[in-house]
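Listed here are the chains, written in short residue letters.
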Amino acid sequence: MDPIIIAIIVLGVTALIFAAIIFGVEKQFKVIEDPRIDEVSEALPGANCGGCGFAGCRAYAEAIVKNESLEGMFCPVGGNDLNADIAAIMGLEAEEKAPQVAVVRCNGSLKNSPQKFNYEGAQSCAFASNLSAGPGGCPNGCLGLGDCVESCDFDAMYMDKETGLPVIIEENCVACGACVKSCPRSIIELRNQGKKSRRIYVSCVNTEKGAVAKKNCEVACIGCGKCVKACTFDAIVLENKVAYIDFEKCRLCRKCQPECPTGAITELNFPPRKVKAEVTEENKEV
Amino acid sequence: MLKTFKLGGVHPPENKLSAHKAIEAIEAPEKIFVPLGQNLGAPSVATVKRGDKVKTGQLIAKGEAFISAMIHSPVSGTVDKIDTHIDASGYRRDTIIITREGDEWEEGIDLSADLRKEITLSPQEIVEKVKASGIVGLGGATFPTHVKLMVPDGKKAEYLIINAVECEPYLTADHQLMLEKADEIVVGVQILMKAIGVDKAIIGIENNKPDAIEHMNKSVANFAGITVQALKVMYPQGAEKQLIKACVNREVPSGKLPIEVGCVVQNVGTAFAVYEAVQKNKPLIERVVTVTGKNVSIPSNFMARIGTPVSLLIEKAGGIPEDNGKIINGGPMMGKAINSTDVPVTKGTSGILLMSEKEAKRVREYNCVRCARCTTVCPMGLEPFLLGLAGESLDWEIAEKEQVMDCIECGSCQYTCPSGRPLLDNIRLGKFKVGQIMRSRKN
Amino acid sequence: MSLLTVSGSPHVHEKGNVSKIMLFVIIAMLPAFIASAWMFGIGAVKVFAVSIIACILFEWLVQKFLIKGPNTVSDYSAIVTGMLLAFNVPSNLPVWILIIGAFVSIVIGKMSFGGLGKNPFNPALVGRVFMLISFPVPMTSWPKPLESASQLTDVITGPTPLGILKESSNVAEAMSNPAMPDYLQMFWGNMGGSAGEISAIALLAGGLFLLLTRVISWHIPVSFLLGATMFAGALWLADPTIYIDPLFHLIAGGMMLAAFFMATDMVSSPMTPWGMLIFGFMGGVLTIIIRVFGAYPEGASFAILIMNAFVPLLNKIKPKRFGEEVKNG
């Protein structure tokens, strides 16, 4: 017989056998998957940032379809628009959520909290935090080694060389919360973006006694409670010798900021303060 | 051939500058700072309050948890306040601050120098006494000694191993203690033997201290069961597992305690403290501290009360040198760099090492060239380059799989790395994170 | 007093760093370089100079304009690669081919992976094999030792002992070839071959220096030579008329160079003792397989590159952990 014909027969038979095996396996082990998983997953941004609390976008989609519910599920990257899209796919009601953005609650720059000693070694905040209080002497303050910048998948952070503090680029921040998790000192917080991106927060998380905190850092919260008294909306609480402004209750009236003796309250994106009378007017407007 | 452990190890320059300097007792300062967290495990709870009068040797803080220790007042005087004060951890921690007034000792403490050889207490009573005296491992790990003396049910101790290796460069506290208090140490060893019920004790001493070996040999001559074992100089021989391997050739399995192979290891300084506690009723309120460094004018061995600020010790040793760059609590291989001279001496302070800026500076970092030296020197048979990489890339799964928790943090890998990589920094981070993950998995 | 420094332990560091290791490797290569200059004269010196300068230049250019990182020329690794590359080419190789080889070595073999420490293959061998495959004729025209030492161009070429062996049908025929040097000549380096591979004694001296200074461990060289000896010995015992004795294999061609300088490249070799032993042994066996059964008379370069590819696999062999087996005694 012609070798070509032999070859054709051999290969043909082999192909048929393998086709049969594959067909059998496919029938036997077919995974029946809800088509909505693919749909939801298609709609997601695919950044796999973990901001939703799941391992990746696919896992998030699977969880939504499995639970048939959007409760407690929110993709910060896609925001409300995406949530509405997913709700449409699932036939559910979407919950509106205020857009959030990360803020750095430490103002212990090289100038405000001068170095008390040098740190040398692995460029990792998590390690440096285990080693000692940090060059500024503050046990709760920013270490400036950039674990948060490293963790950011969206180019929304950089280290300011001059202050030694991380800076958040608001336009890029999707509030995935990766930096919040990466910070060994829980300095970064996700806060509501606020109207016109205006935010007001206590830029200090130091829980030491006022005198000790102030010695290490010019702009430390000393827990005096003046801001608590100034607040007319009960938005400020004093716990563990440090004030905290609840962004859900805060109405951005700016009354607390001038009260702070150390300047530990930071305002973002507000117009510059004018004379007193006009400030109140401005508040009405807001 | 001299005994040593088989796997890995390095031999850094010994630099025992303060060797053969007699132990010099230094007077306690006016204000003394006694941190509440001096031992491994739970911090102690203060039993005194502001304004209380205390005597030297009086109990001022109780260790209530299982792994915790008593703390006694190192001086007599008035409790100033209980506040935060910087300690060797680099953080401010709760500290009892006492203003000294004279030096009046608690009653019943035998301050004479007589050697009391007779051991009258029963094993139970010894353990109780050790616990009440607040003794912790004085080698630096500060593990409460009484916990180690309680042999768990179903286990039997065969050997007591006394760690007199002092493999850390620079440090000479244990060496000098052996030269001056050999007889007391031997009685302490007997007490420990009685407590854990063994008839064999081995005192392991590295061969770079021939006088101590000779001296101890003379002291143990009349006691059956106690032998002095000379060991080849090799770092980290003072690590518990390595010392057991060197002395009796047994390997403690991963994640297990020495009792698993029938051994209990105690530091030689601990043996002396046990002698003083059991025979003299004296709690642990002072210890030998080596103050040394290439630029220190008078490298010395001091007997310092717990709570004495480091600054005072440095002053007694000739002050801080001009170009000082680093102050280390402990030896150069495992000690902790402190960020302030206000840090007080604690039970775990075996030495204060001052390094010049030039010495303290880390070497230039290169890429890892995969030379495998770290693997060769690791006494635990780990692959530090891999663990370091896992730490750098925050991959805790790999770190756990490659047994990061077995690392004893001896620093041999980073010491020898030609690329000057911060291996141990990253491994420590890995240990910390993997420890967290393992604990959360348990709960 | 200036600010205190705080860092994790250890606070001391052994003397020595990557630059020093590379410097030691360079020193270890000097005897072989001198032997080469003695045998091949000015041509060898020219090859060395061109190769080293080209390697340094390429590394500098890549670092400066592509990686934009710190200058890495000062770690001397480019010089080592340059010298090893020169060791592996005939001393009359045209300069332009050598520059292409240096380009492949440094830019493709090393820097494209991220620089020193990241390259999976020995960069000098990558360059050499590239040149051997692309320019087979100039890469296998070996100048005759001593006779061509004074000439820069138009040198008299002659075969290498391995080349003679390959062309002969049995051992007796190869040995009776007048161009075949005797064993003592081969041992000293009086034979045709690449610039740096000829003198077994000079390479041995350099290898011993590296072993004594702890730059390399004994595992790879010993197992490499052992693997080659055992495999060649088995063949020789099976039929001594066709297969030549193992001693010839040890001193001919680039065996010594491969065992002490090429296979021991720390970046591209395994990191555990058992991994190193297997790496070396298999490298030695493969060298003989290629020499005896392959198309090329010399197989060390290919053997090492093949084994380099196995390194990630060999690294899976873990060292013995402390406390793994409990021995009580």
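Criteria and thresholds
Residues numbered from 1 in each chain as written. Chains lettered and ligands numbered in written order. Predicted model: local features only at pLDDT ≥ 70, side-chain atom pairs only at ≥ 80, totals over all residues. Heavy atoms only, no water. Phe/Tyr/Trp six-rings, centres within 6.5 Å; stacked < 30°, edge-to-face > 60°. Helix = DSSP H or I, 4+ residues; strand = E, 2+ residues; numbered from the N terminus. Buried < 20%, exposed > 50% of the residue type's maximum accessible area, 1.4 Å probe, protein only. Expected span 1.5 Å × (residues − 1). Polar contact = N/O pair within 3.5 Å; in protein donor to acceptor, adjacent residues only side chain to side chain. Contact = heavy atoms within 4.5 Å. Buried area = accessible area lost by both parts, 1.4 Å probe. Salt bridge = Lys/Arg side-chain N within 4 Å of Asp/Glu carboxyl O. Pairing = 2+ DSSP bridges. Axes fitted to C-alpha atoms, helices over the stretch in contact; angles between N-to-C directions. Domains from an automatic or database assignment. Nonpolar A, V, L, I, M, F, W, Y, C, P; charged D, E, K, R; others polar.

Focus on the packing of aromatic side chains
Residues and elements named next belong to chain C.
- Scanning all chains against the criterion turns up twelve aromatic pairs over all chains.
- Pairing Tyr243 with Phe293 gives two aromatic rings, centres 6.3 Å apart and planes at 65°, and the pair type is edge-to-face. In this pair, Tyr243 is assigned in the loop between helix H11 (219-238) and helix H12 (246-251) and Phe293 in helix H14 (residues 273-293), connecting sequence segments 50 residues apart.
- For Tyr243, a relative accessible area of 23% translates into the label partly exposed.
- Connected via pairs of aromatic rings, a cluster forms that spans Phe33, Phe48 and Phe87.

Focus on helix H1 (residues 3-28) of chain A
- Compared with the 38 Å implied by 1.5 Å per residue over 26 residues, the 37 Å span of H1(A) between its first and last C-alpha is a close match.
- Where H1(A) begins, the side chain of A:Asp2 points an oxygen toward the backbone nitrogen of A:Ile4, at a separation of 3.0 Å.

Thoughts on the interface of chain B and chain C
- In this complex, chain B contributes 63 residues to the contact, which on the side of chain C involves 49 residues.
- Both sides together, the interface formed by chain B and chain C hides about 4600 Å², and carbon and sulfur atoms give 52% of it.
- There are five salt bridges connecting chain B and chain C.
- A salt bridge links B:Glu383 to C:Lys318, with the nearest nitrogen and oxygen atoms 3.1 Å apart.
- Across the chain B-chain C interface, the total number found is 29 residue pairs in polar contact (both at pLDDT 80 or more).
- In terms of residue count, the dominant contributor to the side of chain B that touches chain C is strand S15 (residues 324-329) of chain B (five residues).

Description of the sheet that holds strand S9 (residues 159-164) of chain B
Residues and elements named next belong to chain B.
- With parallel pairing, the four strands of this open sheet are ordered in space as S11-S10-S9-S12. In the strand order of this sheet, the two ends are held by strand S11 (226-231) and strand S12 (263-267), each with one partner. Pairwise comparison of adjacent strand axes, ignoring direction, gives a mean angle of 25° for this sheet.
- Looking at chain direction, S9 and S12 are connected through five bridges and run parallel. Looking at the pairing, Ile161 lines up with Val265 of S12.

Considering the domain arrangement of chain C
Residue and element names in this part refer to chain C.
- Looking at chain C, the domain boundaries give domain 1 (18-138) and domain 2 (154-314).
- Placing a centre on the C-alpha atoms of domain 1 and another on those of domain 2 gives a separation of 21 Å.
- Between domain 1 and domain 2, the residue contacts involve 36 residues of the former and 34 residues of the latter.
- Across the domain 1 to domain 2 interface the summed buried area is about 2700 Å²; carbon plus sulfur atoms make up 76%.
- Where domain 1 meets domain 2, there are zero salt bridges.
- Counting across the interface, domain 1 meets domain 2 through seven residue pairs in polar contact (both at pLDDT 80 or more).
- In terms of residues, the side of domain 1 that touches domain 2 owes the most to one element, helix H1 (residues 18-40), which gives twelve residues.
- Looking at the side of domain 1 that touches domain 2 residue by residue, the classes come out as 27 nonpolar, seven polar and two charged.

Regarding the interface of chain A and chain B
- With 18 residues of chain A at the interface, the matching set in chain B holds 17 residues.
- Taken over both partners, the interface formed by chain A and chain B buries close to 1400 Å², and the fraction arising from carbon and sulfur atoms is 54%.
- For the chain A face of the interface with chain B, the top three residues by lost area are A:Glu120, A:Phe127 and A:Asn130, together amounting to 36%.
- Linking chain A with chain B are three salt bridges.
- Residue A:Lys209 pairs with B:Asp83 through a salt bridge whose shortest N-O separation is 3.4 Å.
- Here chain A is connected to chain B by nine residue pairs in polar contact (both at pLDDT 80 or more).
- Breaking the side of chain A that touches chain B down by element, the ones donating at least two residues are strand S2 (117-120) and helix H5 (125-131) of chain A.
- With five residues, H5(A) is the largest single contributor of residues to the side of chain A that touches chain B.
- In terms of residue class, the side of chain A that touches chain B is built from nine nonpolar, five polar and four charged.

Observations concerning unusual backbone geometry
- The omega torsion across B:Tyr235 and B:Pro236 is 0°, close enough to zero to call that bond cis.
- The omega torsion across C:Ser9 and C:Pro10 is -5°, close enough to zero to call that bond cis.
- Here C:Pro10 shows up in the loop between strand S1 (4-7) and H1.
- A positive phi angle, close to 60°, is found at B:Gln403, a residue other than glycine.
- As for its position among the elements, B:Gln403 is in the loop between helix H11 (396-401) and helix H12 (412-416).
- In this structure B:Gln403 comes out as partly exposed when scored by relative accessible area, which is 26%.

Looking at the environment of B:Gly37
- With respect to the element layout, B:Gly37 can be found in the loop between strand S2 (31-35) and strand S3 (45-46).
- Sequence separation between B:Gly37 and B:Ile71 is 34 residues; the distance between their C-alpha atoms is 9.5 Å.

A short note on the side chain of B:Glu286
Residue and element names in this part refer to chain B.
- You can see Glu286 is positioned in strand S13 (residues 286-292).
- The class of Glu286 is buried, set by a relative accessible area of 18%.
- One polar contact links Glu286 to Lys282, side chain to side chain, over a distance of 2.6 Å.
- A polar side-chain atom of Glu286 sits 3.4 Å from a polar atom in the side chain of Arg305.
- Non-local contacts of Glu286, meaning those with residues more than four positions away in its chain, are made with Met303, Ala304, Arg305 and Ile306.

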